[in-house]
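What the coordinates show
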Amino acid sequence: MNQERIDRAALNLDQMPAEELRVLAGHLMVHMPATADRDSVAAAVTRQLVILDGIEREALLDVVVWARRPVSRSAGKLELVREISQLRFVSYKGLSLRALAALAELRGLRVPDAVTDRMLRHLLYRSDGWSGWFARKRRALVGGMIGKLLDEDERDEEYQFLPERPVEPSLRRHIEQQGVMSGIATRLRSAADDYLNTKLDEIETRIDRKLDQIDQRLAEWRDQEIANRLRIIKITLTASIIIALISLVYTLIRTNL
Amino acid sequence: MNWLAGGIEGFDPFFFFRRILVIFATLYSGLILARAGWRWFKYLYFPDRSRQLLRRYLFIQLMRVRLRRFGGDLLQIAGLLAIMGLVIWLHRFVPGA
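Let us look at the structure shown here. Since the model is a prediction, treat every value here as computed from it, not as a measurement. (Residues numbered from 1 in each chain as written. Chains lettered and ligands numbered in written order. Predicted model: local features only at pLDDT ≥ 70, side-chain atom pairs only at ≥ 80, totals over all residues. Heavy atoms only, no water.)

Topic: the overall build of chain B
- Across its full length, chain B holds four helices and two strands.
- Mapped from its N terminus to its C terminus, chain B presents α and β elements in the order α-β-β-α-α-α.
- Looking at chain B as a whole, 20% of its 97 residues are labelled buried.
- Here the contacts in chain B between residues at least 6 apart in sequence split such that 20% fall between residues at least 24 apart.
- Summed over its atoms, the accessible surface of chain B is roughly 7800 Å², and 70% of this surface lies on carbon and sulfur atoms. (Helix = DSSP H or I, 4+ residues; strand = E, 2+ residues; numbered from the N terminus. Buried < 20%, exposed > 50% of the residue type's maximum accessible area, 1.4 Å probe, protein only. Contact = heavy atoms within 4.5 Å. Areas by Shrake-Rupley, 256 points an atom, 1.4 Å probe, with all protein chains shown as cover.)

Overview of helix α2 (residues 13-44) of chain B
- Taking 1.5 Å of rise per residue, 32 residues should cover 46 Å, and α2 of chain B covers 46 Å from first to last C-alpha, within 8% of that figure.
- Listing the buried residues of α2 of chain B in full gives F14, F15, R18 and L44 of chain B. (Expected span 1.5 Å × (residues − 1).)

A short note on the interface of chain B and chain A
- Counting residues at the interface gives 35 residues for chain B and 30 residues for chain A.
- Around 3000 Å² of area is buried between chain B and chain A when both sides are counted, 71% of it from carbon and sulfur atoms.
- Counting every contact that joins chain B to chain A gives three salt bridges.
- For the salt bridge of D223 of chain A with R69 of chain B, the shortest nitrogen-to-oxygen distance reads 3.4 Å.
- Mapped onto the side of chain B that touches chain A, the elements with two or more residues apiece are α2, α3 (49-63) and α4 (71-90) of chain B.
- Ranked by residue count, the leading element in the side of chain B that touches chain A is α4 of chain B, at 10 residues.
- For the side of chain B that touches chain A, a count of residues per class yields 22 nonpolar, six polar and seven charged. (Buried area = accessible area lost by both parts, 1.4 Å probe. Salt bridge = Lys/Arg side-chain N within 4 Å of Asp/Glu carboxyl O. Nonpolar A, V, L, I, M, F, W, Y, C, P; charged D, E, K, R; others polar.)

Some remarks on helix α4 (residues 57-67) of chain A
Residue and element names in this part refer to chain A.
- Residues of α4 that are buried include every one of R57, A59, L60, L61, V63 and V64, and no others.
- Those residues of α4 that are buried lie in contact with α3 (38-53), α5 (77-84) and α6 (97-106).
- Two residues or fewer after α4 comes R68, characterised by a positive phi angle close to 60°.

Topic: a negative patch on the surface
Residues and elements named next belong to chain A.
- Taken together, the side chains of D201, E204, D208 and D212 present a region of like negative charge at the surface.
- On the secondary structure map, D212 appears in helix α9 (residues 180-256).
- Exposure remark for D212: the relative accessible area of 53% places this residue in the exposed category. (Patch = residues over 30% accessible without salt bridge, like charges linked within 9 Å, V, L, I, M, F, W, Y side chains within 5 Å. Lys, Arg positive; Asp, Glu negative; His and termini not counted. Charge placed at Lys NZ, Arg CZ, Asp CG, Glu CD.)

Quick look at the pattern of salt bridges
All names here are of chain A.
- The final tally for this structure, using the stated rule, is 12 salt bridges over all chains.
- Between E83 and R69 there is a salt bridge whose closest N-O contact spans 2.9 Å. Of this pair, E83 sits in helix α5 while R69 sits in the loop between α4 and α5, and the two are 14 residues apart along the sequence.
- Overall, the relative accessible area of 14% leaves E83 in the buried class.
- One salt-bridge network, in which partners are shared between bridges, spans E56, D62 and R98.

Digging into the environment of V111 of chain A
Residues and elements named next belong to chain A.
- Locating V111 in the fold gives a position in the loop between α6 and α7 (117-150).
- Sequence-wise, V111 and L123 are 12 residues apart; in three dimensions their C-alpha atoms are separated by 8.7 Å.
- Those residues in contact with V111 that lie beyond four places of it in its chain are A101, A104, E105 and L120.

Comments concerning the side chain of R121 of chain A
Residue and element names in this part refer to chain A.
- Of note, R121 is situated in helix α7.
- Lacking a salt bridge, the buried R121 has D117 as its closest oppositely charged neighbour, with an N-O distance of 4.4 Å.
- Those residues in contact with R121 that sit more than four places away from it in its chain are S91, Y92, K93, G94 and L100.

In structure tokens form, the structure reads like this:
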């Protein structure tokens, strides 16, 4: 059992700005009202960290792998719970017992001692409420439809963890293993690779940001187009009503003449 | 030709105008809709990777539309439809309408 404890000192909750604390609370699946003050958010975050300490990392990993969220095998609890916080109104089918229990505990539900996966699923479904039930059914329906239309191969590929970051040996070890020139050259090459990777990441981030902007503008254009079409429908309907009213009045006058 | 322009007492210019308007408006909107739909279909279902990508993107854009944003407009359309239904229903009580 791996019950890794989260380093509170590294998080530095006391010094953390209120806005960041709220973001952290969201990542830890702590839902606080917008009017809650900083102290109550900090207290709720601390309580959730205690709960998180008591949950096995493997149970969290089960949830993340089941949900197919991208993480590395060695991801810490905070990273795992951040990915889990993105899951909303899911079906819970196929989750292991410990994963279901972890999910229930993170949501603040009381998990009985002798519990089956079916009971836990029921507990989680109940915590989602009617809106959750509706959202789940709607997503299943829409997912099925879009999957049939767009996805040629409906089978899920096997889950793959993100690659781990390689541990770089020291310059001394490089020189010991390869000699002075080769060791320094390898080290330089590795530094150059790192630099290039960082630059490539920056370029990728910039491209992603640009694509997001384009997507946003297209969405705005789409909404504008829909609004225009709706306006045309309203004008047509108004004209139809006017003609229908004229017709009614005309027929009444004509009948009574 | 009673169906085209007939009132209670034979030919009626207003009835004629009303019927012609309905026929033309229906045919015109139907043809325009069918033509636009056919052009989009031909463009999007061209067997090409870029068109396939565009098709998927458009479909996803369409699925991402938030109906709540157009709630007011949709409500107005529903109201107008109800009014039109009511006015058409009132015609039943007028002889010769």
